[in-house]
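# Inside the fold
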Amino acid sequence: MTEDKITGTLVFTVFTAVLGSFQFGYDIGVINAPQEVIISHYGYILGIPLDDRKATNNYTINSTKEITTAPYLGDSIPTPLAEEETTASTSLITMLWSLSVSSFAVGGMIASFFGGWLGDHLGRIKAMLVANILSLVGALLMGFSKLGPSHILIISGRSISGLYCGLISGLVPMYIGEIAPTTLRGALGTLHQLAIVTGILISQIVGLNFILGSHERWHILLGLSAVRAIIQSLLLFFCPESPRYLYIKLDEEVKAKKSLKRLRGGVDVTKDITEMKKEKEEASSEQKVSIIQLFTNSSYRQPILVALMLHVAQQFSGINGIFYYSTSIFQTAGISQPVYATIGVGAINMVFTALSVFLVEKAGRRSLFLIGMSGMFVCAIFMSLGLILLDKLAWMSYVSMVAIFLFVSFFEIGPGPIPWFMVAEFFSQGPRPAALAIAAFSNWTCNFIVALCFQYIAKFCGPYVFFLFAGVVLAFTLFTFFKVPETKGKSFEEIAAEFRKKSSSAKVPKAAVEMEFLGATETV
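Nothing here was measured: the structure is a model prediction, and the numbers come from that model.

Attention shifts here to the side chain of Ser225. Inspection of the secondary structure assignment puts Ser225 in helix 10 (residues 225-236). Given a relative accessible area of 3%, Ser225 falls into the buried group.

Here you go:
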């Protein structure tokens, strides 16, 4: 069947696109390894005496941990030194470090709204090129931060990198979803998440003290992403524009055919063009869809709410908490270098995301999401049991360790990669950019909320914290079971029809008419 043929152009194009996703992951993880070194440098720049800096280091290192999906602001541990000046300098450094970490998520939240808009106005390729300017500026600010006021340059650089990643979190899944053949859409869509976790793992490895995480080289570590930005920008010139964008948005049928032939290896593209023609006719019969209309129009309300719930489930599943606790659990288990165990978690992260690339077209998106959430539910219970019984039974630390590794594995099989591309599959060309923008924004916002609130929840619940997450995961599992349709190998028309079936309130004929825009009814 020619439809699912993998061509060299398709491989090259998807690889080029997910270099942006790789940057997303790298930026998430890169700030963790050189934490002590950067805090010490902040003290030096601000003229804090050495003794104060040591106290500050201990304070801040205990109080902030970087995690794999969001910046984390940790528990405040009162400084043992009573002097007001030391307390003030400690608070200042802690605040600056917290900003260095969390400014990335703020940038992401802001920019995630504009990914779809930029893609529509400039085209997918040009939008990624423009986004790379932000990546380059952010990387250069951080790369040269050692030469100036480091704290200002790093916080600015992280904010700008966050803006880049916010744009990319919408642009990359949209572009891949539009260039992929229907039968490969899921597998190729999963590569966005695979590239993110690969970026996290690489940042953990190159951030080791003897590679780039040292006093002499930490600024190179932070500025290294400039190289990726330049490489991707050069490669993008050889990538075809999205055929769907060319045909449906610009009405350039000849260019769309040319682009499709490049992506499909010169085979007959009539079927693709017919599908896009039908989609265009449906789209042109409706007005342009704004973010507000996604919620007010009964046609789109259920798909967008389901899409948002998938993203909220991903972030509120407790994955951030798992990574926060992992270091202390590894230490309890007697591992002398917990940093290597954390890299081990990163490696498992990557392996299971790669596995999901192959599973997603065989098992289906909904099935994998349900399997992943169910597994996480069981693991969260064992995590809490391990933490509660740690003092009484020493071997419980190993139960917790195994639970961490399995939790991460289940997360990457389903809830990690699937929400990103399922949103693109729920909507046809018209509402897709707005839907992707609001989904990316909700993901970043939940990311940030969990990062800010987890410290208080963990403090309040203690070792019982993962029972709370187990309850949340169970609730989202039930929601998925009852409300989320299977999208594997289905056209936009079939997916929309699934939503109509799942909706208990297909109240008025008007809703069915409006649903045409999602491709529910066939127009010949």
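Given a rise of 1.5 Å per residue, 12 residues ought to cover 16 Å, and the 16 Å separating the end C-alpha atoms of helix 12 (residues 253-264) matches this to within 8%. Among all positions of helix 12, only Ala256, Ser259, Leu260, Leu263 and Arg264 are buried. For helix 12, the arc enclosing every buried residue in end-on projection is 120°, short of the 170-degree limit, so these residues lie on one face. For helix 12, exposure combined with an orientation more than 90 degrees from the buried face picks out Val254 and Lys258. Buried positions along helix 12 lie against helix 1 (8-30), helix 7 (150-179), helix 11 (243-249) and helix 13 (270-284). Looking one or two places after helix 12, you find Gly265, whose phi comes out positive at around 80°.

This next bit is on the side chain of Ser100. Its place among the elements puts Ser100 in helix 4 (residues 84-111). Here the side chain of Ser100 touches Tyr42 through a polar contact of 2.7 Å, side chain to side chain. Contact partners of Ser100, with chain neighbours within four places excluded, come to Tyr42, Ile154, Ile155 and Arg158.

Turning our attention to empty space enclosed by the protein. Where empty space is left can be seen by rolling a probe of water-molecule size over the atoms. Summed over the entire model, instances satisfying the criterion amount to three cavities of 30 Å³ or more. Lining the second largest cavity, in full, are Pro173, Met174, Gly177, Glu178, Arg185, Phe421, Ala424, Glu425, Arg432 and Phe492. Mapped by element, the contributors of at least two residues to the lining of the second largest cavity are helix 7 and helix 20 (418-426). Considering every element that reaches the lining of the second largest cavity, the biggest residue donor is helix 7, with four residues. The residue inventory of the lining of the second largest cavity, partitioned by class, reads five nonpolar, one polar and four charged.

The next point concerns the pattern of salt bridges. Evaluated as defined, the whole model comprises 12 salt bridges. Of the charged contacts in the structure, one is a salt bridge between Arg432 and Glu178, with a shortest N-O distance of 2.9 Å. On the criterion of sequence distance, the pair formed by Arg432 in helix 21 (residues 432-461) and Glu178 in helix 7 is long-range, its members being 254 residues apart. Arg432 sits in the buried class, given a relative accessible area of 2%. Overall, Glu178 belongs to the buried group, its relative accessible area being 2%. Among the salt bridges present, the one from Arg185 reaches Glu425, with a minimum N-O distance of 3.0 Å. Taken together, the residues span a long stretch of sequence, with Arg185 in helix 8 (residues 185-206) and Glu425 in helix 20 at a distance of 240 residues.

Our next topic: the environment of Tyr26. In this structure, Tyr26 sits in helix 1. Residue Tyr26 is classed as buried on the basis of its relative accessible area of 4%. Between the C-alpha atom of Tyr26 and that of Ser203, which follows or precedes it by 177 residues, the distance is 5.3 Å. Not counting the four nearest positions on each side in its chain, Tyr26 is found in contact with Gly199, Ile200, Ser203, Val206, Leu221 and Leu224. Polar side-chain contacts of Tyr26 include one of 2.7 Å to the backbone oxygen of Leu221.

In this section: helix 5 (residues 115-122). Residues of helix 5 that are buried: Gly115, Gly116, Leu118, Gly119 and Asp120. Gly123 occupies a position one or two residues after helix 5 and carries a positive phi of about 95°.

On to the environment of Val206, then. Turning to its location among the elements, Val206 is positioned in helix 8. Judged by its relative accessible area of 18%, Val206 is buried. Taking the C-alpha atoms as reference, Val206 lies 9.9 Å from Trp218; in sequence the two are 12 residues apart. Beyond its immediate chain neighbours, meaning those up to four positions away, Val206 contacts Tyr26, Ile211, Leu212, Gly213 and Leu221.

All right, on to a positive patch on the surface then. Taken together, Lys126, Lys255, Lys258 and Arg262 make up a surface patch of like positive charges. The topology assignment puts Lys255 in helix 12.

Further remarks concern the packing of aromatic side chains. Overall, the coordinates contain eight aromatic pairs when judged by the stated rule. With a centroid separation of 5.2 Å and an interplanar angle of 10°, the aromatic rings of Phe24 and Trp444 are classed as stacked. One end of the pair, Phe24, is in helix 1; the other, Trp444, is in helix 21, and 420 residues separate them in sequence. We note that Phe24, like Trp444, is buried. Centre to centre, the rings of Phe426 and Phe499 are 4.9 Å apart; their planes meet at 85°, and the pair counts as edge-to-face. Of the two residues, Phe426 sits in helix 20 while Phe499 sits in helix 23 (residues 492-502), which places them 73 residues apart along the sequence. You'll find Phe426 and Phe499 in the same group, each marked buried. Ring pairs connect the aromatic residues Phe24, Phe104 and Trp444, which therefore count as one cluster.

Attention now moves to unusual backbone geometry. Phi angles above zero are rare outside glycine, and Asp251 is one such case at about 60°. Turning to its location among the elements, Asp251 is positioned in the loop between helix 11 and helix 12.

With that settled, the discussion passes to a nonpolar patch on the surface. Nonpolar side chains collect at one region of the surface, where Tyr44, Ile45, Leu46, Leu92, Met95 and Leu99 lie side by side and expose about 520 Å² of accessible area between them. Contributing elements (two or more residues each) for the nonpolar patch: helix 2 (35-45) and helix 4. Looking at the nonpolar patch element by element, the count peaks at three residues for helix 4. Checked against the element boundaries, Met95 lands in helix 4. On the basis of relative accessibility, which here comes to 45%, the residue Met95 falls in the partly exposed class.

What counts and how
Residues numbered from 1 in each chain as written. Predicted model: local features only at pLDDT ≥ 70, side-chain atom pairs only at ≥ 80, totals over all residues. Heavy atoms only, no water. Helix = DSSP H or I, 4+ residues; strand = E, 2+ residues; numbered from the N terminus. Buried < 20%, exposed > 50% of the residue type's maximum accessible area, 1.4 Å probe, protein only. Expected span 1.5 Å × (residues − 1). Arc of directions from axis to C-beta. Contact = heavy atoms within 4.5 Å. Polar contact = N/O pair within 3.5 Å; in protein donor to acceptor, adjacent residues only side chain to side chain. 1 Å grid on protein atoms, 1.4 Å probe; cavity = no way out; pocket = protein on both sides within 12 Å on 5 of 7 lines; lining within 4 Å. Points joined across faces, edges and corners; volume = space filled by probe spheres on them. Nonpolar A, V, L, I, M, F, W, Y, C, P; charged D, E, K, R; others polar. Salt bridge = Lys/Arg side-chain N within 4 Å of Asp/Glu carboxyl O. Patch = residues over 30% accessible without salt bridge, like charges linked within 9 Å, V, L, I, M, F, W, Y side chains within 5 Å. Areas by Shrake-Rupley, 256 points an atom, 1.4 Å probe, with all protein chains shown as cover. Lys, Arg positive; Asp, Glu negative; His and termini not counted. Charge placed at Lys NZ, Arg CZ, Asp CG, Glu CD. Phe/Tyr/Trp six-rings, centres within 6.5 Å; stacked < 30°, edge-to-face > 60°.

Structural measurements only, silent on function.
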